[in-house]
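Structural description and commentary
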Amino acid sequence: MIRIATFNVNSIKAHIVNVTNWLKAAKPDVVLMQEIKTTDDGFPRLEIEDLGYNIAAVGQKTYNGVAILSKHPLTVEQRALPGHPGDEQARYIEGLIEVPDSGKGKRTVLRVASIYLPNGNPAGTEKFTYKLAWMDRLRDHAASLLKLEEVLVLGGDYNVAPADEDVYDPEGWRDDALCKPETRRAFRSLLNLGYTDAIRALHTQPHLYTFWDYQAGCWQRDEGLRIDHLLLSPQAADRLSESGVDRDPRGKDKPSDHTPVWCELDI
DNA sequence: ATGGTCGTCCCACGA
């Protein structure tokens, strides 16, 4: 069994204590991290390596930045989403992980990507155009990855609330870039390639939020959105045993505004 | 309540 989590940490430097406390409690084998908001020189590498993780990161000063943590050997396959040379925004990293089989010493290869999809607000500006173009590129790349027929997890902050049941106030958020029909259609077309949403595969209840704005007591009132997702290839979905949203980190002191989503695969 | 909160970095901007 291998446990994989995605977590938008909203600055790894500002929230390192919260993150390491969560790593110690949840013990994920693989973490797909977003919004590290630093380059390599500022990344608190030792604190995380001390907990037994290998680290691969694509950083950026002030904004964005993604990373993969893995307790098993990790090699980097992509440091950017293909299709836009010269794009400076650090929003994609993809790696291969060698997972030792619980049985006869056989090894399974797991491919993962950490995705920080553009927010896109305000809708109707070049920011929204960039978001939709980025989603087009992601779909193209996700389609080509499926041909490899690997155990594959595309996890991250998608900045997409797939349906009204994923939003505390669907009417109020209707025109937001996270909820616009074009955004939801692009997300569905990604799923329709053959990916499985690890939460929705096992849970039917609405309001499984992963993000709560810092403002206006949103956390206390459970006014959130489900925008962090783990998308599984068929080979990964066949191995899915459990999934969930870990609300604990969001309730601690100095939290990120997101909380981790996790799944377990029988490998 | 012509705002409410964060992180980054020093001035607003992004979320």
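This text follows the structure it describes.
A few points on the structure. (Residues numbered from 1 in each chain as written. Chains lettered and ligands numbered in written order. Predicted model: local features only at pLDDT ≥ 70, side-chain atom pairs only at ≥ 80, totals over all residues.)

1. Brief notes about the overall build of chain A
When you go through chain A residue by residue, the secondary structure sums to five helices and 12 strands. Taking 267 residues into account, the globule formula puts the C-alpha radius of gyration at 18 Å, and chain A, at 17 Å, falls close to it. C-alpha extents for chain A along the principal axes are approximately 55 × 40 × 40 Å. Across the 267 residues that make up chain A, the buried fraction comes to 42%. Of all intrachain contacts in chain A linking residues separated by at least 6 positions in sequence, the fraction that spans at least 24 positions is 69%. (Helix = DSSP H or I, 4+ residues; strand = E, 2+ residues; numbered from the N terminus. Rg over C-alpha atoms; globule rule 2.2 N^0.38 Å. Buried ≥ 20, exposed ≤ 12 C-beta atoms within 10 Å, placed from the backbone. Contact = placed C-beta atoms within 7 Å.)

2. Focus: the protein's contact with DNA strand B
Surrounding DNA strand B, one finds N10, S11, K13, A14, K37, K61, T62, N119, Y214, Q215, A216 and K254. Of the residues contributing to the surface near DNA strand B, the split by class is three nonpolar, five polar and four charged. (Near = placed C-beta within 6 Å. Nonpolar A, V, L, I, M, F, W, Y, C, P; charged D, E, K, R; others polar.)

3. Examining the sheet that holds strand β5 (residues 74-78)
Reading across from one edge, β5-β6-β7-β8-β10-β9 is the order of the six strands in this open sheet, with mixed pairing throughout. Strands at the two margins of the open sheet, each flanked by one partner only, are β5 and β9 (196-197). Sheet topology note: the strand β6 (residues 92-100)/strand β7 (residues 107-116) ladder contains nine bridges and is antiparallel. Its bridge partner being in β7, E94 is matched across the sheet by A113. (Pairing = 2+ DSSP bridges.)

4. Things to note about the pairing of β7
Linking β6 back to β7 in an antiparallel pair, the connection comprises six residues, with G105 at a positive phi of about 80 degrees. Relative to strand β8 (residues 151-157), β7 runs parallel, the two being bridged by seven bridges. The residue bridging S114 from the neighbouring strand is G155, located in β8. Note on the crossover from β7 through helix α3 (residues 126-146) to β8: the handedness is right-handed. (Right-handed = clockwise from strand over helix to strand, strands pointing away.)

5. A closer look at unusual backbone geometry
Phi is mostly negative for residues that are not glycine, and the peptide bonds are mostly trans. Cis peptide bonds are those with omega within 30 degrees of zero, and the linkage from N121 to P122 qualifies with -5 degrees. Tracing the sequence through the fold places P122 in the loop between β7 and α3. Positive phi is not limited to glycine here, since H207 has a value of about 65 degrees. The exposure class assigned to H207 is partly exposed, which follows from the 13 C-beta atoms found within 10 Å.

6. Let's talk about the environment of G42
Along the chain, G42 turns up in the loop between β2 (30-34) and α2 (45-49). Sequence separation between G42 and P73 is 31 residues, and the spatial gap between their C-alpha atoms is 23 Å.

7. Some words on the pairing of strand β1 (residues 2-8)
Burial of β1 is extensive: six of the seven residues sit out of reach of the surface. Sheet analysis places β1 next to strand β12 (residues 261-265), joined by five bridges and oriented antiparallel. Across the sheet, the residue bridging to T6 is V261, located in β12. Strand direction decides the pairing type here: β1 and β2, joined by five bridges, are parallel. Within β2, the residue paired with I4 across the bridge is V30. Assessed by its sense of winding, the connection that carries the chain from β1 through helix α1 (residues 16-26) to β2 is right-handed.

8. Observations concerning helix α4 (residues 181-191)
Taken together, the buried positions of α4 are T183, A186, F187 and L190. Down the axis of α4, the sector holding all buried residues measures 100 degrees, keeping them to one side. The exposed residues of α4 that point more than 90 degrees off its buried face are P181, R185 and R188. Summarising the contacts, the buried residues of α4 are in contact with α3. (Arc of directions from axis to C-beta.)

9. Digging into the environment of H229
As for its placement among the helices and strands, H229 is situated in strand β10 (residues 228-232). Among the residues examined, H229 registers 26 C-beta atoms within 10 Å and is labelled buried. For the pair H229 and D169, spaced 60 residues apart in sequence, the C-alpha separation works out to 20 Å. Not counting residues up to four positions away in its chain, the partners in contact with H229 are G155, Y158, D197 and V261.

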